[in-house]
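# Report on the structure
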Amino acid sequence: MKIELLYPELGNLYGELFNIEYLRRSVPNCGIAATSLGQRPRFLDDDSIDLVYMGTMTERSQLMVVDELTPVREEIWNTIEDGQRFLITGNAMEIFGNGIVERGDMVVSEIGGEGYECLGLFDIDVERNMEVKHNSLFLGEYVLTARDTIEIVGYQSRFGQAYYGANAPEPLFRVLKGAGMENSPGAEGIHYKNFMATYVTGPLLVLNPGFMVRLCWEMGYSGVIPAFAESAMDAYRKKLYEFSREGKEFIKS
């Protein structure tokens, strides 16, 4: 397996790089290459990369990444259409939408409430208020078929609220408890071809070893055994039980 980390020097809030460390420990001969600011993303020229990953970052780092990727946005879209696989977690998802409008007195961009454009690859819009932070637990499902799902546990911590547009892609997860997209609370994230993006952190793959195995299977790597399998599955089952119980509080803003 060959993985490209996009801007790991920026995208490691909440320990999100351990999504990839967990893959490395679970998949034999897993190779990881890092692309830093100022470097051309490898996946644009190398179709042997199995997975492109980018994780949660600060809001000012989002601006830097938008500036970095805008000149190659069409190339990025072409690779998505060709089936390149992405896993994007936390507020990194917002970078691939239409743009971010800033509310309140605390703003990140110089143009304040007008906000700024993002890559515009998917029809989602984001409103952000740096004075109000959303924190919540998440319980959802990754739907394989009508009768086959993988339950997902995790967390969300963000200042942005995302809205699906009229031409939005399919969601990545179905929400059971917690927050979905602002105008579609039962749905969360983006799933278009092999592009996956979600606000859910945790890190996502560490908390959900079954989803990690499924992701590997979708990339053509069958029979993957999660690192620390017994402990990982035990922790997953405990969180699933805790998050599923009646009266569990999920959202605190």
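Not measured: the values here are computed from a predicted model.

## Let's talk about the overall build of the chain
What the chain contains, in helices and strands, is 6 helices and 15 strands. Seen through its C-alpha atoms, the chain measures out along the principal axes to roughly 50 × 50 × 30 Å. Here the chain, with 253 residues, has 51% of them falling under the buried criterion. Look at the contacts in the chain between residues 6 or more apart in sequence, and 73% of them connect residues 24 or more apart. Only carbon and sulfur atoms are counted for the fraction: they give 50% of the accessible area of the chain, which is about 11500 Å².

## Observations regarding the sheet that holds strand β4 (residues 86-89)
Spatially, 6 strands are ordered β2-β1-β3-β4-β14-β13 in an open sheet, and the strand pairing comes out mixed. A single partner strand is all that each edge strand has here, and the edge strands are β2 (31-35) and β13 (190-192). Within this sheet the neighbouring strands show an average axis-to-axis angle of 15°, counted without direction. Sheet analysis places strand β3 (residues 51-54) next to β4, joined by 3 bridges and oriented parallel. Of the residues in β4, the one forming a bridge with V52 is F86.

## Looking at the layout of surface pockets
Considering only enclosed or pocket space, the largest pocket measures out at about 160 Å³ in volume. As for the largest pocket, its lining consists of F18, E21, Y22, R25, V206, L207, F228, S231, A232, A235, Y236 and K239. Of the residues forming the lining of the largest pocket, the biggest block, 5 residues, is contributed by helix α6 (residues 229-244). Taken together, the residues of the lining of the largest pocket sort by class into 8 nonpolar, 1 polar and 3 charged.

## Considerations on helix α2 (residues 59-69)
All buried positions along α2 are accounted for by E59, S61, Q62, V65, V66 and L69. On an axial view of α2, the arc spanned by its buried residues comes to 145°, and they lie on one face. Projecting away from the buried face of α2 at angles above 90 degrees are the exposed residues R60 and D67. Considering only its buried residues, α2 is in contact with β3, α3 (73-81), β5 (99-103), β6 (116-117) and β7 (124-129).

## Some points on the sheet that holds β5
Sheet strands pair by backbone hydrogen bonding; their relative direction is either parallel or antiparallel. Here 4 strands make up an open sheet; going across it, the order is β6-β5-β7-β10 and the pairing mixed. Where the open sheet ends on each side, the last strands, each with one partner, are β6 and β10 (160-164). Bridge count for β5 against β7 is 5 bridges, and the pairing is parallel. Bridge pairing in β7 places G99 opposite D125.

## Brief notes about the side chain of S61
Within the secondary structure, S61 sits in helix α2. A distance of 2.8 Å separates the side chain of S61 from the side chain of T58, its partner in a polar contact.

## Here we look at the pairing of β2
Strand direction decides the pairing type here: strand β1 (residues 2-6) and β2, joined by 5 bridges, are parallel. Residue pairing for β2: K2 is matched across the bridge by G31. Taking the sense of rotation as the criterion, the β-α-β connection linking β1, helix α1 (residues 18-26) and β2 turns out right-handed.

## Some remarks on the pattern of salt bridges
Using the criterion set out here, one finds 15 salt bridges in the structure. Across the pair E21 and R25 runs a salt bridge, and its minimum N-O distance is 2.6 Å. Highlighted residues: E21 and R25, both in helix α1, separated by 4 residues, approximately one helical turn. For E21, a relative accessible area of 18% gives the class buried.

## So, the nonpolar core
Across soluble globular proteins, nonpolar side chains have a tendency to be buried as a group. Residues M54, I76, F96 and F195 are the most contacted members of the largest nonpolar core, which totals 37 residues. Secondary structure elements with two or more residues in this core: β3, α2, α3, β4, β7, β10 and β14 (195-198). Among the elements that line this core, the one with the most residues is α2, at 3 residues. Apart from residues no more than four positions distant in its own chain, F195 is found in contact with I80, Q84, F86, I88, F96, F122 and I190. In terms of nonpolar packing, the next biggest core, distinct from the first, is built from 30 residues, I3, I152, F173 and F211 among them.

Rules used in this analysis
Per chain, residue numbering runs from 1 following the sequence as it is written. Totals for whole chains, interfaces and linings use every residue, but because this is a predicted model, local features are given only for residues with pLDDT of at least 70 and side-chain atom pairs only at 80 or more, for both listing and counting. Side-chain metrics in this entry use all non-hydrogen atoms of the structure; hydrogen atoms and water are not considered. Put simply, DSSP marks the helices as runs of H or I at least four residues long and the strands as runs of E at least two long, and each gets a number from the N terminus on. Only protein chains enter the accessibility calculation, which uses a 1.4 Å probe; a residue whose area is less than 20% of its type maximum is buried, one above 50% is exposed, and one in between is partly exposed. It only takes one pair of heavy atoms within 4.5 Å for two residues to be counted as in contact. With residues, only the protein chains shown are counted as cover, and all accessible areas are computed by Shrake-Rupley using a 1.4 Å probe. Only strands that DSSP links by at least two bridges are regarded as paired with each other. Every axis corresponds to a line fitted to the C-alpha atoms, with the helix fit spanning only the stretch in contact, and the corresponding angles, defined between N-to-C directions, vary from 0 to 180 degrees. We place a 1 Å grid over just the protein atoms. Points where a 1.4 Å probe fits but has no way out form a cavity, open points with protein on both sides within 12 Å along at least 5 of 7 lines form a pocket, and any residue with an atom within 4 Å of a point lines it. Grid points are joined across faces, edges and corners, and a volume is the space filled by probe spheres set on the points. Note on residue categories: nonpolar means Ala, Val, Leu, Ile, Met, Phe, Trp, Tyr, Cys or Pro, charged means Asp, Glu, Lys or Arg, and polar means any other residue, Gly included. Directions drawn from the helix axis to the C-beta atoms are what define this arc. Contacts described as polar in this section are N or O atom pairs within 3.5 Å, which, within protein, must combine one atom able to donate a hydrogen with one able to accept it, while residues neighboring in sequence count only if both atoms come from side chains. We call a crossover right-handed when, viewed with both strands directed away from the observer, the connection leading from the first strand over the helix to the second proceeds clockwise. Put simply, a salt bridge is a Lys or Arg side-chain nitrogen that is within 4 Å of an Asp or Glu carboxyl oxygen. Nine residue types can take part in a nonpolar core, namely buried Ala, Val, Leu, Ile, Met, Phe, Trp, Tyr and Cys, and a core is a set of them joined through side-chain atoms within 4.5 Å.

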